[in-house]
Amino acid sequence: MFRYLHKIQKNMVHFMGYVELFVSLLVIAGILFRLTALPSHFAPVAGNGMSSYLQYLFDILIAVELIKLLCSHELASMVEIFMFAVSRKAIIEHLSVTENLISVVAITILFAVRKFLFIHQETYEEEKRRRTGYI
C-alpha cells in the first residue's frame with residue numbers, strides 16, 4: 001500500500017516539475033512581449049515617460065527573479081523578489097514620507113536577512129566537511 005502511495009507521490013512531484021517549467025516558459029514569453037513594448041514607454045518629453053519606463057523595467061526584473069525562484073527553489077531568490085517589489089513601489093509611486101521610511105526600513109531588513117541569516121549551500125557543505133573531518 002505505501003509503495004503505491006510513494007510511487008504516486010513521486011509521479012506527482014515529477015509532474016509538478018513540468019508544470020513549473022511550463023509556468024516559467026509563460027513568464028519568459030511575457031517578458032519577451034514586454035521587452036518589445038519597452039521603447040514605446042520611454043518618452044522623455046512626456047512628464048510620466050520615465051516613470052512608465054522604470055515601471056516596465058522593474059516588472060521585467062521581478063519576472064526574471066520569479067523564474068529564478070521557480071527553477072532554483074532558493075530562499076535568496078524570494079528575498080530578491082521582495083527587494084525588487086519594495087524598491088519598485090518606493091521609486092515608481094509618489095509615496096508619503098512615512099511610506100518612504102517604511103520602504104527604506106523594509107529594504108534594510110531584507111538586506112540584513114540576506115547578509116546575516118542565509119547559509120548558502122556551498123558554505124553549508126564546506127562547514128559540514130570541516131566538522132566531519134573530510135576535506
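Source: prediction; values computed, not measured.

Student: Which residues make up the overall build of the protein, and what values go with them?
Tutor: The secondary structure content of the protein amounts to five helices and zero strands. Along the protein, from the amino end to the carboxyl end, the secondary structure elements read α-α-α-α-α. For the protein, the proportion of contacts with a sequence separation of at least 24, taken over those separated by at least 6, is 53%. If you sum the accessible surface of the protein, you get close to 10,700 Å²; carbon and sulfur atoms cover 69% of it.

Student: Mind laying out helix H4 (residues 97-117), listing which residues take part and the relevant values?
Tutor: Its 21 residues place the ends of H4 29 Å apart at the C-alpha level, agreeing with the 30 Å of an ideal helix rising 1.5 Å per residue. All of the buried residues along H4 are Ser103, Ile107 and Leu110. Along H4, the residues classed as buried sweep out an arc of 60° about the axis, all on the same side. In H4, the exposed positions angled more than 90 degrees off the buried face are occupied by Val97, Thr98, Leu101, Ile102, Val104, Lys115, Phe116 and Leu117. On its buried face, H4 is in contact with helix H3 (75-92).

Student: Could you give an account of the side chain of Ser87, naming the residues involved and the relevant values?
Tutor: Counting through the fold element by element, Ser87 comes out in helix H3. By relative accessible area, which is 15% here, Ser87 ends up buried. Discounting residues that sit within four places of it in the chain, Ser87 has contacts with Phe58 and Ile107.

Student: Go over the environment of Leu21, please, and point to the residues and values.
Tutor: Within the secondary structure layout, Leu21 lies in helix H1 (residues 2-37). The exposure class of Leu21 is partly exposed, given its relative accessible area of 47%. As for Leu21 and Ile67, which are separated by 46 residues in sequence, their C-alpha atoms are 9.1 Å apart.

Student: So, the side chain of Arg88: which residues are in play, and what are the values?
Tutor: With respect to the helices and strands, Arg88 occurs in helix H3. Setting aside anything within four residues of it in sequence, one finds Arg88 in contact with Gln55, Phe58, Asp59, Ile62 and Glu93.

Student: Give a detailed account of H1, specifying residues and quantitative values.
Tutor: The first and last C-alpha atoms of H1 sit 52 Å apart over 36 residues, in line with the 52 Å expected at 1.5 Å per residue. Taken as a whole, H1 has its buried residues at Ser24, Val27 and Ile31.

Student: I'd like to hear about the environment of Asp59, residue by residue, with values.
Tutor: With respect to the helices, strands and loops of the structure, Asp59 is situated in helix H2 (residues 49-72). Considered as a pair, Asp59 and Arg34 are 25 residues apart in the sequence and their alpha carbons are 8.8 Å apart. In this view, Asp59 contacts Arg34 and Arg88; residues no more than four positions away in its chain are not counted.

Quick notes on the rules
- Residues numbered from 1 in each chain as written.
- Predicted model: local features only at pLDDT ≥ 70, side-chain atom pairs only at ≥ 80, totals over all residues.
- Heavy atoms only, no water.
- Helix = DSSP H or I, 4+ residues; strand = E, 2+ residues; numbered from the N terminus.
- Contact = heavy atoms within 4.5 Å.
- Areas by Shrake-Rupley, 256 points an atom, 1.4 Å probe, with all protein chains shown as cover.
- Expected span 1.5 Å × (residues − 1).
- Buried < 20%, exposed > 50% of the residue type's maximum accessible area, 1.4 Å probe, protein only.
- Arc of directions from axis to C-beta.

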